[in-house]
Amino acid sequence: MKITSFNPLIVTKDAEALITLFEELGFERKHKLVGTLQNGANLTSVRMKDANGFHVDIAETSDNTKDISLIRMNVDNFDEAYEMLKAKGFHNARPDEDTFDTKSNRSAMMISPTGFAFDLCQHIKDHD
């Protein structure tokens, strides 16, 4: 398994306010992903980048009650990374170990035994 990117991800109910803040800090919107979680909640995620090459992702979901910060870890092999994290005591935050799958990405929030979380993600490059 190879890590292809590693950066903060903030999940909030009001993404636009945070996106505006990060734009004022010099970040630009680079990519937007829209989808629906298995529980029916809407999800919108915006990837941002500054002139130094730093990234931050800001996601808005309708079922979030407070802001949470995670570490987004993109990998080249989702299944291998998922199993490695599970072997280290991490668990999937979604019921029945569901993943969030779109044409361009597969992800799961993996929570450590001590409480910090990764957004484990594999970017799928072969899509429409």
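Source: prediction; values computed, not measured.

## Quick word on the pattern of salt bridges
- As enumerated under the stated definition, the model contains seven salt bridges in all.
- Across the pair Asp 79 and Arg 106 runs a salt bridge whose closest N-O atoms are separated by 2.8 Å. With Asp 79 in helix α2 (residues 78-87) and Arg 106 in strand β8 (residues 105-111), this residue pair connects regions lying 27 residues apart in the sequence.
- Overall, Asp 79 belongs to the partly exposed group, its relative accessible area being 45%.
- Its relative accessible area of 26% is what places Arg 106 among the partly exposed residues.
- With a closest N to O distance of 3.5 Å, Asp 101 and Arg 106 form a salt bridge.
- According to the relative accessible area criterion, Asp 101 is partly exposed, its value standing at 46%.

## Things to note about the packing of aromatic side chains
- For the structure on display, the rule yields six aromatic pairs.
- Ring plane angle 85° and centroid distance 5.5 Å describe the contact between Phe 22 and Phe 27, whose orientation is recorded as edge-to-face. One exposure class covers both Phe 22 and Phe 27, and it is buried.
- Counting every residue linked through ring pairs, the aromatic cluster contains Phe 6, Phe 90, Phe 116 and Phe 118.

## What about the pairing of strand β4 (residues 55-61)?
- The buried fraction of β4 amounts to five of the seven residues, a majority that puts the element mostly inside the structure.
- As defined by bridge partners, strand β1 (residues 3-12) adjoins β4 across four bridges and the pair is classed as parallel. Bridge pairing in β4 places Val 11 opposite Ala 59.
- Looking at chain direction, strand β3 (residues 42-49) and β4 are connected through seven bridges and run antiparallel. Bridge pairing links Val 46 to Ile 58 in β4.
- Hairpin connection, β3 to β4: the antiparallel pair is bridged by five residues, and Gly 53 has positive phi, about 90°.

## Digging into α2
- Listed as buried for α2 are Phe 78, Ala 81, Tyr 82 and Leu 85. Across the axial projection of α2, the buried residues extend over an arc of 100°, all falling on one side.
- Elements that come into contact with the buried residues of α2 comprise β5 (68-75), β6 (91-92), β8 and β9 (117-123).
- Of the residues that open α2, the one with a side-chain oxygen 3.3 Å from the backbone nitrogen of Asp 79 is Asn 77.
- Two residues or fewer past α2, Gly 89 is found with a positive phi of approximately 100°.

About the thresholds
- Residues numbered from 1 in each chain as written.
- Predicted model: local features only at pLDDT ≥ 70, side-chain atom pairs only at ≥ 80, totals over all residues.
- Heavy atoms only, no water.
- Salt bridge = Lys/Arg side-chain N within 4 Å of Asp/Glu carboxyl O.
- Helix = DSSP H or I, 4+ residues; strand = E, 2+ residues; numbered from the N terminus.
- Buried < 20%, exposed > 50% of the residue type's maximum accessible area, 1.4 Å probe, protein only.
- Phe/Tyr/Trp six-rings, centres within 6.5 Å; stacked < 30°, edge-to-face > 60°.
- Pairing = 2+ DSSP bridges.
- Arc of directions from axis to C-beta.
- Contact = heavy atoms within 4.5 Å.
- Polar contact = N/O pair within 3.5 Å; in protein donor to acceptor, adjacent residues only side chain to side chain.

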